[in-house]
Amino acid sequence: MPGDVVMGILWYVVRNAPTCLVMFFLVLLAVRGRLRFSFRATVGIAAGIIAASCLAAGAGVVLFAGEEGIWATVPLLAVSLASLAALTRMPWSKRLFVLFSAMAAAAIAVLAYDVLLRTVALEWSFGARRMLDAAVCSFGPLLLAPLFARTIRWGIEHIEDNALWRRIAAVPAAFFIVANALYALAYSVEFGSTWADILYALAVATLAFLLVASYVVLFSALSATMENARLREAAQLESMQHARYEDLRRMLRETAQARHDFRHQLLLIRSFADENDLEGLRAYLGEQGTRSDGGQGRYAANFAVDSVTSHFAERARACGAETSFELALPERLPLPETDFCMALANLLENATEACERVAACGAMDGAARTPDASTPDAASGQGAPAGSAQTGTAIGKSAGA
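Below you will find a few notes about this structure. Because the structure is a prediction, the values reported are computed rather than measured.

**Remarks on the overall build of the protein chain**
Along the protein chain, the regular secondary structure elements total 14 helices and zero strands. Tracing the protein chain from N to C terminus, the helices and strands come up as α-α-α-α-α-α-α-α-α-α-α-α-α-α. Classification of the 401 residues of the protein chain by burial places 37% in the buried group. Taking the contacts inside the protein chain whose residues are at least 6 apart along the sequence as the reference set, 73% of them involve residues at least 24 apart. For the protein chain, the computed accessible surface area is about 22,600 Å², with 65% contributed by carbon and sulfur atoms.

Structure (structure tokens):
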């Protein structure tokens, strides 16, 4: 009796260990590159786990369950493959997906062998049935090796959404559960007709087809998700490049405006020269060239900023507006000098043009009303042009601030 038990356990190990090794091989195809230990050490640890789990399962079946209780080995096999999954460096959501995928492939292979045994090989010799068992249960799952080596491995390497992996792990888990339930049903119900065997075969074929189809749809969806993410990143990059292009265009326009503003300054100098107004020219050049602290007409330590401010200050004073600038800037600006000067020139030009418009409108109103000297406004010196100039002063001060 003890000898029969030992032989039964050894027979169980010989019969089921190859299937476990194939399942481990599928897992390894999907997770290679993420092993916690070296490849050789991982294979050795896995072989030890497979041998121990098969011995434990064989003892449980032979001593307690018998042939009709083969389904009782499922929890032990699950523990075995969970241990194998623990040999990898990746989130448990990915491990569960790969684990249940390999288990589902092996379970359907066992179902396929059972169908062949009932419909074709029932009258075969013992040796022939064992060869069929080894071929279908050990090499059948290898038909999905490309799926594990390419598609699943691609997902493992590129998709990092753990919540997504937890959800899709339910797909192979459901197939594994259904396959084992169908196997248990086949051994608990006596098939008494050929039609029952045919129905069983159709159920197994349908399950295998749905497994393959679900993986095709699943990973097509994952591929589409990755492609959509790539397209979104490309669109964001294109948007950034477009924004940069618009910035460059704006900088070119502002540079042209700055050149226009500096040309105004040159025209002012030329006007002094054409009128032989040497005193005015000296005063203007002195204002521009004075670099001492607190010197009159000096607005900023930076020469470019000071030139821009001086130009628009002259224009504002020319239309009767009072100006006051406080530019606390170092000689070397902490940002590109051209960009800052263009932005400052735009602000000052807007304020100066507003002052000029107010002054022009005030002059037109004064000419239209021609106030008499006896009017209160004329007597007090508060005519319209003066009021306009004060308005321009306020705008100029706002721009300076």
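**Here we look at the packing of aromatic side chains**
Evaluation of the coordinates by the stated rule reveals three aromatic pairs. Between F100 and F176 the ring centres are 6.5 Å apart and the planes differ by 50°, which places this aromatic pair in the tilted class. Linking F100 in helix α4 (residues 92-119) with F176 in helix α8 (residues 170-188), this pair joins segments that are 76 residues apart in sequence. When its relative accessible area of 22% is taken as the criterion, F100 is described as partly exposed. Here F176 falls in the buried class, since its relative accessible area comes to 12%.

**Looking at helix α5 (residues 126-139)**
Because the α-helix completes a turn every 3.6 residues, residues three or four places apart line up on one side. Spanning 14 residues, α5 covers 19 Å between terminal C-alpha atoms, matching the ideal 20 Å at 1.5 Å per step. Every buried residue of α5 is listed here: R130, L132, D133, V136, C137 and S138.

**Topic: the nonpolar core**
Ranked by internal contacts, the top residues of the largest apolar core, which has 53 residues, are F97, V98, L111, F148, I152 and Y200. The set of elements that each furnish at least two residues to this core consists of α1 (2-31), α2 (39-65), α4, α6 (145-158), α7 (162-168), α8 and α9 (194-274). Residue contributions to this core peak at twelve residues, all from α4. Residues in contact with F148, not counting those within four places in the same chain, are L26, L29, A30, V98, S101, A102 and R153. Of all hydrophobic cores here, the second largest spans 14 residues; its members include F312, L327, L333 and A345.

**Describing the pattern of salt bridges**
Scanning all chains against the criterion turns up six salt bridges. R130 serves as the salt-bridge partner of D133, at 3.9 Å between the closest nitrogen and oxygen. Taken together, the residues span about one helical turn, with D133 and R130 both in helix α5 at a distance of three residues. Each member of the pair, D133 as well as R130, carries the same accessibility label: buried. Linked through salt bridges whose partners overlap, the residues forming this network are R34, K94, E157 and E160.

**So, the packing of α4 against α8**
Taken N-terminus to C-terminus, the directions of α4 and α8 make an angle of 25°; their axes are 8 Å apart at the nearest point. When the axes of α4 and α8 are compared, the pair comes out roughly parallel. Viewed along their axes, α4 and α8 form a crossing whose handedness is left-handed. Of the residues in α8, those touching α4 at F97, F100, S101, M103, A104, A107, I108, V110, L111, D114 and R118 are P172, A173, F175, F176, A179, N180, L182, Y183, A186 and Y187. Each residue belonging to the contact of α4 with α8 can be placed in one class, and the counts come to 17 nonpolar, two polar and two charged.

**Focus: a nonpolar patch on the surface**
On the surface, V6, M7 and L10 cluster together into a nonpolar patch covering about 290 Å² of accessible area. According to the relative accessible area criterion, M7 is exposed, its value standing at 54%.

**A look at the environment of L268**
Tracing the backbone shows L268 in helix α9. Its relative accessible area of 23% is what places L268 among the partly exposed residues. For the pair L268 and H311, spaced 43 residues apart in the sequence, the C-alpha separation amounts to 8.8 Å. Apart from the residues within four sequence positions on either side, L268 is in contact with Y284 and E314.

The rules behind each value
- Residues numbered from 1 in each chain as written.
- Predicted model: local features only at pLDDT ≥ 70, side-chain atom pairs only at ≥ 80, totals over all residues.
- Heavy atoms only, no water.
- Helix = DSSP H or I, 4+ residues; strand = E, 2+ residues; numbered from the N terminus.
- Buried < 20%, exposed > 50% of the residue type's maximum accessible area, 1.4 Å probe, protein only.
- Contact = heavy atoms within 4.5 Å.
- Areas by Shrake-Rupley, 256 points an atom, 1.4 Å probe, with all protein chains shown as cover.
- Phe/Tyr/Trp six-rings, centres within 6.5 Å; stacked < 30°, edge-to-face > 60°.
- Expected span 1.5 Å × (residues − 1).
- Core = buried A, V, L, I, M, F, W, Y, C linked by side-chain atoms within 4.5 Å.
- Salt bridge = Lys/Arg side-chain N within 4 Å of Asp/Glu carboxyl O.
- Axes fitted to C-alpha atoms, helices over the stretch in contact; angles between N-to-C directions.
- Parallel < 35°, antiparallel > 145°, perpendicular 65-115°, else oblique.
- Left-handed = near helix turned anticlockwise from the far one by under 90°.
- Nonpolar A, V, L, I, M, F, W, Y, C, P; charged D, E, K, R; others polar.
- Patch = residues over 30% accessible without salt bridge, like charges linked within 9 Å, V, L, I, M, F, W, Y side chains within 5 Å.

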